[in-house]
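Listed below, chain by chain, are the residues.
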Amino acid sequence: MALIVQKYGGTSMGSIDRIKNVAKRVKRWHDNGHQVVVVVSAMSGETNRLIDLARQISSNPDPREYDQMVSTGEQVSISLLTMAIQELGVGARSFTGRQVAIKTDSAHNKARIESIDDKNIREQLDAGNVVIVAGFQGIDEEGNATTLGRGGSDTTGVAIAAALGADECQIYTDVDGVYTTDPRVTSKAKKLEKITFEEMLEMASLGSKILQIRSVEFAGKYGVPLRVLSSFDENNDGSFDQEFQDNVGTLITIDEGDNMEQAIISGIAFNRDEAKIVVRDVPDHPGIASAILSPIGRANIEIDMIVQNLSTNGMTDFTFTVNRTDMDKTMKVLENEVKNEIGAKEILANDEVVKVSLVGVGMRSHAGVASLMFQTLAENNINIQMISTSEIKVSVLIQEQYLEKAVKSLHTAFGLDREEGDSKIAGL
């Protein structure tokens, strides 16, 4: 008997029929003797509907009241799924974040989990029941409802798995695993059987939308085996063509595996939410970077890639990227607090750029990854505007119009679109 934590997102819970199919899947795990805890998101579109209601009242809603409202979407989901499981003859009990209790700090809209009281969950499991927990939410020390930010249900699932010492945390989504790149960009993308936490963390931070980055961090920190699977492998009548255990998805693990030495890269991630800012003709002297970036940091704007050009006659250009949604805010900070202070000639912004990244632990033992990447892009007449590297990734900033061409050409150059067993360079 294993203790399994399963998380189902809004798409998996998007209709009554889909909720009933989730209930059937949960029942099969329970019938096979496993203890099951299920974490669910609000039904697809419900959180957006609630946010829109708040925006119609206020352009800047009170954070506490905002969390009080948007957290109700999950409360509906846990009740509906619990009823569906009970209708199948299986005991089930639902809990909100407050009832568990999932204790967080008081940073409304982006709270961080501090502790989980597992008493109520364990009592229900020991009684033979399935436990359904609302994702995305918690409670602060003053008893206020808090939310964990977009994708927070993933973090809830992993945190509960860690608190319970679960054998595995399964994240059910609308895809059947982690792919070498987005299959919507190239049909030759391949599903990975296994990927390391380190690689998944890089891919999540670089634009992969499969898992929330905080959930991957949490799983890696506490050593929670994490698996990404599809919740849509049933027939129209809710039956299964094969045993549900055969849906192995992608395992995210600490172990790099025996074949990792052969794998140069595991995947190609990309992020469309980029904007490039150029501060032109600034004095090239100590402290200039701080003078430019400190006001941006105080405005709670995150900086990504940074490049400072070589000095010419004591002047230089300073270039960096921010999230596309922060571009206008960044420009205002620079115009109002920085430009005149440092004597910059002008400030330019471009939101028609994307970041494309190669990710793989195999880079540690293989030279020439960056050079092959740059060569491939050059052969396809794609200009590189900025470069960023780490031990297991290489990222470049390019014009958005070349995104699909860049991903497809790199996917081929590194052997990721070949059939299994056909490419030693990719190790797939």
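The structure this text deals with has already been given above.
Basis of the calculations
- Residues numbered from 1 in each chain as written.
- Predicted model: local features only at pLDDT ≥ 70, side-chain atom pairs only at ≥ 80, totals over all residues.
- Heavy atoms only, no water.
- Helix = DSSP H or I, 4+ residues; strand = E, 2+ residues; numbered from the N terminus.
- Polar contact = N/O pair within 3.5 Å; in protein donor to acceptor, adjacent residues only side chain to side chain.
- Contact = heavy atoms within 4.5 Å.
- Axes fitted to C-alpha atoms, helices over the stretch in contact; angles between N-to-C directions.
- Parallel < 35°, antiparallel > 145°, perpendicular 65-115°, else oblique.
- Left-handed = near helix turned anticlockwise from the far one by under 90°.
- Buried < 20%, exposed > 50% of the residue type's maximum accessible area, 1.4 Å probe, protein only.
- Arc of directions from axis to C-beta.
- Pairing = 2+ DSSP bridges.
- Core = buried A, V, L, I, M, F, W, Y, C linked by side-chain atoms within 4.5 Å.
- Phe/Tyr/Trp six-rings, centres within 6.5 Å; stacked < 30°, edge-to-face > 60°.
- Expected span 1.5 Å × (residues − 1).
- Salt bridge = Lys/Arg side-chain N within 4 Å of Asp/Glu carboxyl O.

**Details of the side chain of Arg227**
Right, so step 1: Mapping Arg227 onto the fold places it in strand β11 (residues 226-230).
Right, so step 2: At a separation of 2.8 Å, a polar atom in the side chain of Arg227 contacts the main-chain carbonyl oxygen of Val248.
Right, so step 3: If near-sequence neighbours (up to four positions away) are discounted, Arg227 is found in contact with Glu168, Cys169, Gln170, Ile171, Val248, Thr250 and Leu251.

**Points about the packing of helix α7 (residues 152-164) against helix α9 (residues 213-222)**
Right, so step 1: Close contact between α7 and α9 brings their axes to 8 Å; oriented N to C, the two are set at 15°. The angle between α7 and α9 falls in the class roughly parallel. Classified by chirality, the crossing of α9 by α7 is left-handed. Taken together, the residues of α9 that come into contact with α7 (itself represented by Asp154, Thr155, Val158, Ala159 and Ala162) are Arg214, Ser215, Phe218, Ala219 and Tyr222.

**Thoughts on the side chain of Ser12**
Right, so step 1: Mapping Ser12 onto the fold places it in the loop between β1 (3-8) and α1 (16-31).
Right, so step 2: What Ser12 contacts, discounting residues up to four positions off in sequence, is Arg18, Ile19, Val22, Tyr172, Thr173, Ser231 and Phe232.

**Things to note about helix α12 (residues 369-379)**
Right, so step 1: Buried residues of α12: Val369, Met373, Thr376 and Leu377, and no others. Axial view of α12: buried residues confined to an arc of 95°, hence all on one face.
Right, so step 2: Against β16 (346-359), β18 (393-399) and α13 (403-413) lie the buried residues of α12.
Right, so step 3: Of the residues flanking the end of α12, it is Asn381, one or two places downstream, whose phi is positive at about 55°.

**Quick word on the pairing of β18**
Right, so step 1: For β18, the buried fraction is high: 6 of the 7 residues fall into the buried class.
Right, so step 2: A loop of 2 residues connects strand β17 (residues 386-390) with β18, the two strands running antiparallel in sequence.

**What to know about the nonpolar core**
Right, so step 1: Ranked by internal contacts, the top residues of the largest apolar core, which has 40 residues, are Val5, Val37, Ile121, Val133, Ile160 and Leu226.
Right, so step 2: Ranked by the residues each element gives to this core, the list is headed by α7, at 5 residues.
Right, so step 3: Those residues within four positions of Ile160 in sequence are excluded, and the remaining contacts are Val5, Val37, Val39, Ile102, Ile116, Ile121 and Val133.
Right, so step 4: Core analysis: the next-biggest nonpolar cluster, separate from the first, contains 23 residues, Val36, Ile78, Val130 and Ile132 among them.

**So, the sheet that holds strand β15 (residues 315-323)**
Right, so step 1: Strand order across the open sheet formed by 6 strands is β14-β15-β13-β16-β18-β17, with antiparallel pairing between neighbours. Across the chains shown, the open sheet's two edge strands, defined by having one partner strand only, are β14 (303-308) and β17. The mean angle between the axes of side-by-side strands here comes to 30°, regardless of whether they run parallel or antiparallel.
Right, so step 2: Of the strand pairs in this sheet, strand β13 (residues 267-283) and β15 are connected by 8 bridges, and their pairing is antiparallel. Pairing of Lys276 across the sheet is with Thr321, part of β15.
Right, so step 3: Across the sheet, α13 is in contact with β13, β16 and β18; its angle to β13 comes to roughly 120°.

**Focus: the sheet that holds strand β6 (residues 130-134)**
Right, so step 1: Pairing is mixed across the open sheet formed by 8 strands, whose spatial order is β3-β6-β2-β1-β9-β11-β12-β10. Unpaired on one side and paired on the other, β3 (92-95) and β10 (194-196) mark the two borders of the sheet. Averaged over all pairs of adjacent strands, the angle between their axes in this sheet comes to 20°, without regard to strand direction.
Right, so step 2: Relative to strand β12 (residues 250-253), β11 runs antiparallel, the two sharing 3 bridges. Paired with Leu226 across the bridge in β12 is Ile252.

**As for the packing of aromatic side chains**
Right, so step 1: All told, the structure shown has 3 aromatic pairs when counted by the stated rule.
Right, so step 2: On the numbers, 6.2 Å between centres and 55° between planes, the contact of Phe318 with Phe320 is tilted.
Right, so step 3: Assessed through its relative accessible area of 2%, Phe318 is described here as buried.

**A word on α7**
In an α-helix there are 3.6 residues to a turn, and that puts residues three or four apart on one side.
Right, so step 1: For α7, built from 13 residues, the straight-helix expectation of 18 Å at 1.5 Å per residue is met to within 8% by its first-to-last C-alpha distance of 18 Å.
Right, so step 2: In terms of burial, α7 is a largely internal element, 11 of the 13 residues being buried.
Right, so step 3: Among the residues of α7, Gly152, Ser153, Asp154, Thr155, Thr156, Gly157, Val158, Ala159, Ile160, Ala161 and Leu164 are the ones counted as buried.
Right, so step 4: Downstream of α7 by a residue or two, Gly165 has a phi angle that is positive, lying close to 65°.

**Description of the environment of Glu46**
Right, so step 1: Examined against the element boundaries, Glu46 turns out to sit in helix α2 (residues 46-57).
Right, so step 2: Separated by 171 residues in sequence, Glu46 and Glu217 place their C-alpha atoms 27 Å apart.
Right, so step 3: A distance of 2.8 Å separates polar atoms of two side chains, one belonging to Glu46 and the other to Arg49.

**Describing the pattern of salt bridges**
Oppositely charged side chains can form a pair if their charged atoms are brought close together.
Right, so step 1: Scanning all chains against the criterion turns up 14 salt bridges.
Right, so step 2: Here Arg122 and Asp118 are joined by a salt bridge, their closest N and O atoms 2.8 Å apart.
Right, so step 3: Here Arg364 makes a salt bridge to Glu198, at a shortest N to O gap of 2.4 Å. Placement of Arg364 in the loop between β16 and α12 and of Glu198 in helix α8 (residues 197-205) is noted, with a sequence separation of 166 residues between them.
Right, so step 4: Looking at Glu198, the relative accessible area reads 34%, which means it is partly exposed.
Right, so step 5: Within this structure, Glu198, Arg364 and Glu391 form a network of salt bridges that share partners.

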